Amino acid sequence: MPKLDIEKLDRYLRNAKIDPAGLRWLDPRDEKNFDVLGFYWFKTEKRWHRFPLKAENCGIRPAVLTLAGCTAGGQLRFRTDSSRIVLSVRTVSEAYTPGRSGFDLYTGELGRELFWNSARPDPGKTEYTSELFHVSGRQLREFRLNFPLYNGVEELSVGLDEDASLLPPVPLPVKKPVVIYGTSITQGGCASRAGSAFTNQLSRRLQAEFLNFGFSGNGQNEPEVAGLLAEIEEPAMFIIDSEANSISAELVRERVPKFLAILREKHPLVPIVIVTKVPYGPRYACEIPVLKEEFRSIYDARKRAGDRNIHFVDGTEFWTGSAYTENTIDGAHPTDLGFTLMADKLEPVLRPLLERQ
């Protein structure tokens, strides 16, 4: 069989050549009309990073620090009448699939945003240019750009028509960020593209900023991480989605009460939602111990102690029916459909908690 070169055989999978003529390049770090979401410390540090610089001196494990450099949950919102939107990107690591290393673009009114296009990084390279939007007419539109889930971004430039206007987006109705901590599934593994991750889906549906602290394989409820999350001022809520990385019942009993106590010390009235993991397929189900009841016991203990704003969501109910095993790529990590079903179940739980505020 001849070597397969799919871009030669299927023109729809080719990267289109970009004509840079007539574009004005903008650095979102320098433009006040770009609304940056998902990077809590961005305003002071101007980095596409989920942790502050000081995290390197907080006793956090190197694996977590490395993963914090992935831009999962990062978003850029803006309004423009440009007929073209082109990205020039330099990533930290070599590019993989669009889901791991690519941006994707949504457009439309808040609550009615629709996917438009996704960037196609050049595999094995750390730099690429991709045109995400190209229409014939000029019209003022709202845009939301989602950052890569499993790569870091060192440089980002947005190319617009030279004479295009750039305006701030319509403000989000939810003024406080939702803070979510967890695992690879929280980070977005393995969505086909960034906007399909359940946190990004919920961000669009609930019209709220999500600060994504999912650390693939490393959401292990460590107090050092809780200390950083507790520094976030005025969060709308905390979501704890760490069962799948919690290792053992003993470590759950040792770490999770401390993790919650650290958050509660700084935020005594903020809702905390504990979410247990989705139902794994048969292969993983027999290999990984079920720790859901440990988390439920900790939740029950806090309720008995008087914590009136802690909530429990059973993740095994996210996917029901005999076909639940079709919702993953490997028996554990969701497909885009699996993520959508997760968002479907979480939305009615989270929406009332946001509306109370």
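Here is what the cut-offs are and how they apply
Residues numbered from 1 in each chain as written. Predicted model: local features only at pLDDT ≥ 70, side-chain atom pairs only at ≥ 80, totals over all residues. Heavy atoms only, no water. Pairing = 2+ DSSP bridges. Helix = DSSP H or I, 4+ residues; strand = E, 2+ residues; numbered from the N terminus. Axes fitted to C-alpha atoms, helices over the stretch in contact; angles between N-to-C directions. Buried < 20%, exposed > 50% of the residue type's maximum accessible area, 1.4 Å probe, protein only. Polar contact = N/O pair within 3.5 Å; in protein donor to acceptor, adjacent residues only side chain to side chain. Contact = heavy atoms within 4.5 Å. Core = buried A, V, L, I, M, F, W, Y, C linked by side-chain atoms within 4.5 Å. pLDDT = per-residue confidence, 0-100. Salt bridge = Lys/Arg side-chain N within 4 Å of Asp/Glu carboxyl O. Disulfide = S-S within 2.5 Å. Parallel < 35°, antiparallel > 145°, perpendicular 65-115°, else oblique. Left-handed = near helix turned anticlockwise from the far one by under 90°. Nonpolar A, V, L, I, M, F, W, Y, C, P; charged D, E, K, R; others polar.

**Considerations on the sheet that holds strand 14 (residues 272-275)**
Inference 1: Taking strand neighbours across the sheet as the criterion, the 5 strands line up as 12-11-13-14-15 in an open arrangement whose pairing is parallel. Each end of this open sheet is capped by a strand with a single partner; those strands are strand 12 (210-214) and strand 15 (310-313). On average, each strand axis in the sheet is inclined to that of its neighbour by 15 degrees, with strand direction left out of account.
Inference 2: Inspection of the sheet shows strand 13 (residues 237-241) paired to strand 14 by 3 bridges, in the parallel sense. Within strand 14, the position partnered with isoleucine 240 by the bridge is isoleucine 274.

**Thoughts on the side chain of aspartate 307**
Inference 1: Among the secondary structure elements, aspartate 307 is positioned in the loop between helix 10 (292-304) and strand 15.
Inference 2: The buried category is assigned to aspartate 307, whose relative accessible area is 9%.
Inference 3: There is a polar contact of 2.9 Å between the side chain of aspartate 307 and the side chain of arginine 264.
Inference 4: Excluding residues that lie within four positions of it along the chain, aspartate 307 makes contacts with Arg264 and Arg302.

**Notes on the nonpolar core**
Inference 1: The biggest cluster of nonpolar side chains holds 35 residues, and the ones touching the most others in it are Phe51, Phe213, Phe215 and Leu229.
Inference 2: Per-element tally for this core: the top contributor is helix 8 (residues 249-266), with 6 residues.
Inference 3: Sequence-distant contacts of leucine 229, that is, excluding residues within four places in its chain, are made with Val179, Tyr181, Phe213, Phe238, Phe259 and Leu263.
Inference 4: In this structure, Ala197, Leu206, Ala236 and Leu353 belong to the second largest nonpolar core, which totals 34 residues.

**Examining the confidence of the model for the protein**
Inference 1: Per-residue pLDDT for the protein has a mean of 93; in total, 96% of the residues score no lower than 70.
Inference 2: Model confidence for the protein, summarised as mean pLDDT per element, is weakest for helix 1 (residues 6-9) at 67 and strongest for strand 11 (residues 178-182) at 99.

**Considerations on the pairing of strand 3 (residues 75-80)**
Inference 1: Among the 6 residues in strand 3, 5 count as buried, and that is most of the element.
Inference 2: As judged from the 3 bridges shared by strand 2 (residues 35-37) and strand 3, these two strands associate in the antiparallel manner. Counted as the bridge partner of leucine 37 is glutamine 75 from strand 3.
Inference 3: Two strands pair when backbone bridges link them, and strand 3 and strand 8 (residues 141-146) are joined in this way by 6 bridges, in the antiparallel orientation. Bridged to arginine 79 within strand 8 is glutamate 142.

**Remarks on the pattern of salt bridges**
Inference 1: Within the structure shown, the criterion is met by 26 salt bridges.
Inference 2: Across the pair aspartate 27 and arginine 29 runs a salt bridge whose closest N-O atoms are separated by 2.8 Å.
Inference 3: Looking at aspartate 27, the relative accessible area reads 18%, which means it is buried.
Inference 4: Glutamate 250 is paired through a salt bridge with arginine 253; the nearest N and O atoms lie 3.7 Å apart. Of this pair, glutamate 250 and arginine 253 both sit in helix 8, 3 residues apart, which is roughly one turn of the helix.
Inference 5: According to the relative accessible area criterion, arginine 253 is partly exposed, its value standing at 44%.
Inference 6: Residues joined by salt bridges that share partners form a network here, namely Asp27, Arg29, Arg90, Glu154 and Glu155.

**Focus on the sheet that holds strand 9 (residues 153-161)**
Within a beta sheet, neighbouring strands are joined by backbone hydrogen bonds and run either parallel or antiparallel to one another.
Inference 1: A sheet is described by the order of its strands in space; here 4 strands give the open sequence 1-9-4-7, paired in antiparallel fashion. At either end of the open sheet lies a strand with only one pairing partner, and these are strand 1 (23-26) and strand 7 (127-134). For this sheet the average axis-to-axis angle between neighbouring strands, irrespective of direction, equals 25 degrees.
Inference 2: In this sheet, strand 9 lies alongside strand 1 in antiparallel orientation, the contact comprising 4 bridges.

**Looking at the pairing of strand 4 (residues 84-91)**
Inference 1: Counting buried residues in strand 4 gives 6 out of 8 residues, a clear majority hidden from the surface.
Inference 2: Here strand 4 pairs with strand 7 via 7 bridges, running antiparallel. Bridging across to strand 7, arginine 90 finds its partner in glutamate 127.
Inference 3: Sheet analysis places strand 4 next to strand 9, joined by 6 bridges and oriented antiparallel. Along strand 9, the bridge assignment pairs arginine 90 with glutamate 155.

**Concerning the state of the cysteines**
Inference 1: Overall, the coordinates contain 0 disulfides when judged by the stated rule.
Inference 2: For the unlinked cysteine cysteine 58, the closest cysteine sulfur is that of cysteine 70, found at 19 Å.
Inference 3: Judged by its relative accessible area of 30%, cysteine 58 is partly exposed.
Inference 4: Note on cysteine 190: no disulfide assigned, nearest cysteine sulfur contributed by cysteine 70 at a separation of 13 Å.

**Looking at the packing of helix 8 against helix 10**
Inference 1: Interhelical geometry of helix 8 versus helix 10 gives an angle of 40 degrees and a closest axis separation of 10 Å. As summarised for this structure, helix 8 and helix 10 are arranged oblique, according to the angle between their axes. Like other packed secondary-structure pairs, helix 8 and helix 10 cross with a definite hand, here right-handed. Every residue of helix 10 that contacts helix 8 at Ala249, Val252, Arg253, Val256, Pro257, Leu260, Ala261 and Arg264 is listed here: Glu294, Phe295, Ile298 and Arg302.
Inference 2: Of the residues assigned to the contact of helix 8 with helix 10, the class counts are 8 nonpolar, no polar and 4 charged.

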